[in-house]
Amino acid sequence: MKRLPIVLLMLAAGIFLTIRTLGTTGKADPPTKYERILQSVGEMLRQGHYQPKDVNDKFSKQVFQKYLEELDAEKNIFLQEDIEALRPFETKLDDEIKGAPVTFFREASKIFNKRIGEAEKLVTDILAKPFDFTKDEVYVADSKKIPFPANAAQRQEAWRKRLKYMTLERYAELQEQRSKAKDSTANKTDATLEKEAREKVVRAMNRVFERYRYKFSDDDKFAIYVNTITQMMDPYTEFFPPADKRYFDEQLSGEFFGIGASLQYDDGNIKIASLITGSPAWKSGQIEVGDVVMKVAQGEQTPAELTGYGVEDAVKLIRGKQGSEVRLTLKKVDGTLKTVSLIREKIVQDEVFARSAVIENGASKIGYILLPEFYANFSDPNGSRSAVDVAKEVMKLKAAKVDGIVIDLRNNGGGSLYDVVQMAGLFIDEGPIVQVKDREGKPTVMRDRDGSVLYDGPLTVLVNEFSASASEIFAAAIQDYGRGVVIGSTSTFGKGTVQRSIGLDPQDFMNQNSELGSVKLTLQKFYRINGGSTQLKGVVPDVVLPDQYEYLRFREKDNPNALAWDEISKAGYKTWNGEYDLQTIKNLSNSRVGQNPVFQTIKQATDWLSKQNDREYPLQIDKYKADQKLLRQKVRQIDSLLKLPEASAMNVNYLPQDKERFTADKDRSERYAQWLKNLSRDIYLDQAVKIVGDIRNQQNLARSGQLKKEKEVKAF
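Residues numbered from 1 in each chain as written. Predicted model: local features only at pLDDT ≥ 70, side-chain atom pairs only at ≥ 80, totals over all residues. Heavy atoms only, no water.

### Brief notes about the overall build of the protein chain
On a plain count of helices and strands, the protein chain comes out with 21 helices and 22 strands. When each of the 716 residues of the protein chain is scored for burial, the buried share is 50%. When contacts within the protein chain are restricted to residue pairs at least 6 apart in sequence, those whose partners lie at least 24 apart make up 77%. Carbon and sulfur atoms provide 50% of the accessible area of the protein chain, an area that totals close to 33,200 Å². (Helix = DSSP H or I, 4+ residues; strand = E, 2+ residues; numbered from the N terminus. Buried < 20%, exposed > 50% of the residue type's maximum accessible area, 1.4 Å probe, protein only. Contact = heavy atoms within 4.5 Å. Areas by Shrake-Rupley, 256 points an atom, 1.4 Å probe, with all protein chains shown as cover.)

### Brief notes about empty space enclosed by the protein
Under the criterion given, the structure shown has three cavities of 30 Å³ or more. Empty space within the largest cavity amounts to approximately 70 Å³. At the level of secondary structure, the elements contributing two or more residues to the lining of the largest cavity comprise α7 (152–180) and β6 (292–298). For the lining of the largest cavity, the residue count by class is two nonpolar, one polar and five charged. (1 Å grid on protein atoms, 1.4 Å probe; cavity = no way out; pocket = protein on both sides within 12 Å on 5 of 7 lines; lining within 4 Å. Points joined across faces, edges and corners; volume = space filled by probe spheres on them. Nonpolar A, V, L, I, M, F, W, Y, C, P; charged D, E, K, R; others polar.)

### Describing the packing of helix α3 (residues 57–71) against helix α9 (residues 218–233)
α9 packs onto α3 with a crossing angle of 130° between their chain directions and a minimal axis gap of 9 Å. Judged by the angle between their axes, α3 and α9 are oblique. α3 and α9 meet at a crossing whose hand is right-handed. Taking contact as the criterion, the partners of F59, Q62, V63, K66, Y67, E70 and L71 in α3 are, on α9, K221, I224, Y225, T228, I229, M232 and M233. Each residue belonging to the contact of α3 with α9 can be placed in one class, and the counts come to nine nonpolar, two polar and three charged. (Axes fitted to C-alpha atoms, helices over the stretch in contact; angles between N-to-C directions. Parallel < 35°, antiparallel > 145°, perpendicular 65-115°, else oblique. Left-handed = near helix turned anticlockwise from the far one by under 90°.)

### A closer look at α9
Given a rise of 1.5 Å per residue, 16 residues ought to cover 22 Å, and the 23 Å separating the end C-alpha atoms of α9 matches this to within 8%. Among the residues making up α9, those that are buried are K221, F222, A223, Y225, V226, N227, T228, I229, T230, M232 and M233. As for α9, its buried residues are in contact with α2 (33–48), α3, α5 (93–97), α6 (104–126) and β2 (238–240). (Expected span 1.5 Å × (residues − 1).)

### Some thoughts on the pairing of strand β12 (residues 364–370)
Side-chain direction in a regular strand flips from residue to residue, so the side chains alternate between the two faces of the sheet. Across the seven residues of β12, six count as buried, placing the element largely inside the fold. Relative to β12, strand β11 (residues 355–361) runs antiparallel, the two sharing seven bridges. In the strand pairing of β12, E360 is matched with K365. Between β11 and β12, which pair antiparallel one after the other, the connecting turn spans two residues, and G362 there sits at a positive phi close to 65°. When β12 meets strand β13 (residues 404–408), the two strands line up parallel, connected through five bridges. Considered in β13, the bridge of G367 is made with I405. (Pairing = 2+ DSSP bridges.)

### Focus on the packing of aromatic side chains
Going through the model one piece at a time under the given rule, you end up with 31 aromatic pairs. A centroid spacing of 6.2 Å and a plane angle of 75° characterise the contact between F78 and F148, whose relative ring orientation is edge-to-face. Linking F78 in the loop between α3 and α4 (80–86) with F148 in the loop between β1 (138–139) and α7, this pair joins segments that are 70 residues apart in sequence. Of the two residues examined, F78 and F148, each falls in the buried class. (Phe/Tyr/Trp six-rings, centres within 6.5 Å; stacked < 30°, edge-to-face > 60°.)

### Side note on the layout of surface pockets
To locate leftover empty space, one rolls a probe as large as a water molecule over the atoms. In this model, the second largest pocket occupies a volume close to 790 Å³. E173, Q177, K295, L337 and T339 are the residues nearest the centre of the second largest pocket, which is lined by 28 residues in total. For the lining of the second largest pocket, the secondary structure elements donating two or more residues are α7, β6, β8 (325–331), β9 (337–343) and α18 (621–641). Considering every element that reaches the lining of the second largest pocket, the biggest residue donor is α7, with eight residues. Taken together, the residues of the lining of the second largest pocket sort by class into eight nonpolar, nine polar and 11 charged.

### Some points on the sheet that holds β13
Consider a sheet: its strands pair through backbone hydrogen bonds, and that pairing is either parallel or antiparallel. Pairing in this open sheet of seven strands is mixed, and the strands run β20-β17-β16-β13-β12-β11-β22 from one edge to the other. Taken across any chain shown, the strands that pair with only one partner, and hence form the sheet edges, are β20 (543–544) and β22 (651–653). Two elements, strand β16 (residues 459–463) and strand β17 (residues 485–488), share four bridges in a ladder whose sense is parallel. Bridge assignment links L462 to a residue of β17, and that residue is I487.

### Thoughts on the nonpolar core
One finds L68, F104, W159, L163, M205, F222 and Y225 to be the most contacted residues of the largest nonpolar core, which totals 68 residues. Looking at which element gives the most residues to this core, the answer is α6, with 10 residues. Those residues in contact with L68 that sit more than four places away from it in its chain are F78, I83, L86, F104, A108 and F148. In terms of nonpolar packing, the next biggest core, distinct from the first, is built from 47 residues, I433, V434, M446 and A475 among them. (Core = buried A, V, L, I, M, F, W, Y, C linked by side-chain atoms within 4.5 Å.)

### Concerning the pattern of salt bridges
All told, the structure shown has 46 salt bridges when counted by the stated rule. Among the salt bridges present, the one from K66 reaches E70, with a minimum N-O distance of 3.4 Å. Of the two residues, K66 and E70 both sit in helix α3, four residues apart, roughly one turn of that helix. Taking the relative accessible area as the measure of exposure, K66 reaches 33% and is therefore partly exposed. Where D658 meets K396, a salt bridge forms, and the shortest distance between an N and an O atom there is 2.6 Å. (Salt bridge = Lys/Arg side-chain N within 4 Å of Asp/Glu carboxyl O.)

Interpretation in functional terms is not warranted from these geometric data alone.
Shown next as structure tokens:
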């Protein structure tokens, strides 16, 4: 970590020299901002990235292909002849990164703009005629399975099937509404509904092409070009144009009234990227990361379809006045549609902080701590820090005389490395927590230097596929020390890298709001104290529970540009004497899960859903409806199983000390009560509580056996 300032100084010097030398090589034209940015980014990648790839002809070919696929994600704009026309650039992009004039993205942009005009006319012509939904054909939605169209006829066919599928979705929805209607809608003919469905698609596609015309400038295309380059290094090295960086910062620090969900633009869709704990979106229990926001309505008004919208435009629709209603139509990750009504609220930031509760489990009490992220207010020495807050929650639970603690890191995407080390130190003696290595240096071992242990009782850690980065460091340390039992899906996310934002202004590289933009650069890599990286493989829990998200492909290992797993020498550490046998704990849990039909059904349903990821979509109405019906059945089946029956719900209560914090006002009190209710029926928390009981029982047996031996010695 001590080397980091030197690395940044080297980067700043490199960028300064890079920009200074631009335009001095005898070129007739002075460099534009595109040349300045691209060569500066290239220099930053070369000098600072943890594991930079060689920027050569091979790299150039990869960027060439990827950029065109980023521009035309559906592969229905470019023709194969366009790709061939651009082919001379295929091995020259590395030269552009090193200082040659930036030409490729401009030429690609010219062709793209021309083809967009042709595509718009195609779409208009296709949607002018009714579709025949009795014809048996399929639509392949995964563009990775298809090449760019060889000619105009193939492109037209690609558009026809896509538009037919979009119309079919809306047509089937309108038919379902008709079957439930008690007004004039019930008398509408199929032909009328088909026409209305096409009109909906026309409006959606008009917005797509309006975005291309008015909201997709050369600067936008250039930003995609640069990010294609940076993310060929790894998924987290990213270029931020100035406007995007300012918007990003405002999102993190601004106060607004909304639903508490962050959005991202992905392949033409607006998707839910994350949820703020305690927000309307989180509290509803109906919105999940990965959901596509199809429509947004202001209360009962006609919904606006978001096809073609950018993130900023979508956010403006979703935000509004406090207490007002917004309705989101979501396409779930399984393909089903759901409309969710939410009331906008002021997003209360302290609800993302650590909090605790007590679970009454027969004669015992189990403490529960939720940590949504490893937060830290670096600008305020007296600001909130996750490790300090968790310590406070542990002390409250100890005062309540709990028999064990569950720490919930599900959906925790990470945060402050310092706080991970401090937090792990609450549960172990002095020792190493994590190893950090840059691309040149010897690994730095980050240690807990406090020999005291705040809590030494039974401990479990809950994780899932969304537990990443700092969460994985904590879970790995607890696992390596044998300090507690890690419980969750087959593995955590697998992000074992460290990034830092660096401005492109050579005079002030610490200014992350440089006029040229900034780069979030991968500088270091995490390693467990046992020597293995958390990168790619994540942390494999001690006890694996069937998980409803297991079939999704979003972990680090699913990204082709992710850095590889590797290992270094282990750090010296002593394992914890917990007076329990981990294998026995596993056997007890596996026996319970194996006999529990709920978990077996979840596994079977998710196995079935996993096979739907790569399938084709029917365009024949009866097959489409049957397909959707089966999907909905599977989803409803899983949803119904994820909650304990009311009769089996756990008794979960807040601590007396929290009464004023969470019940001071009606809204917060309601949110907290809903949180406790959700916990009481959480099937995964229920298993964690049972495992804490297993640990405690084993420890009691071990201690009673030791006591018996001591008595025998005295008697002798």
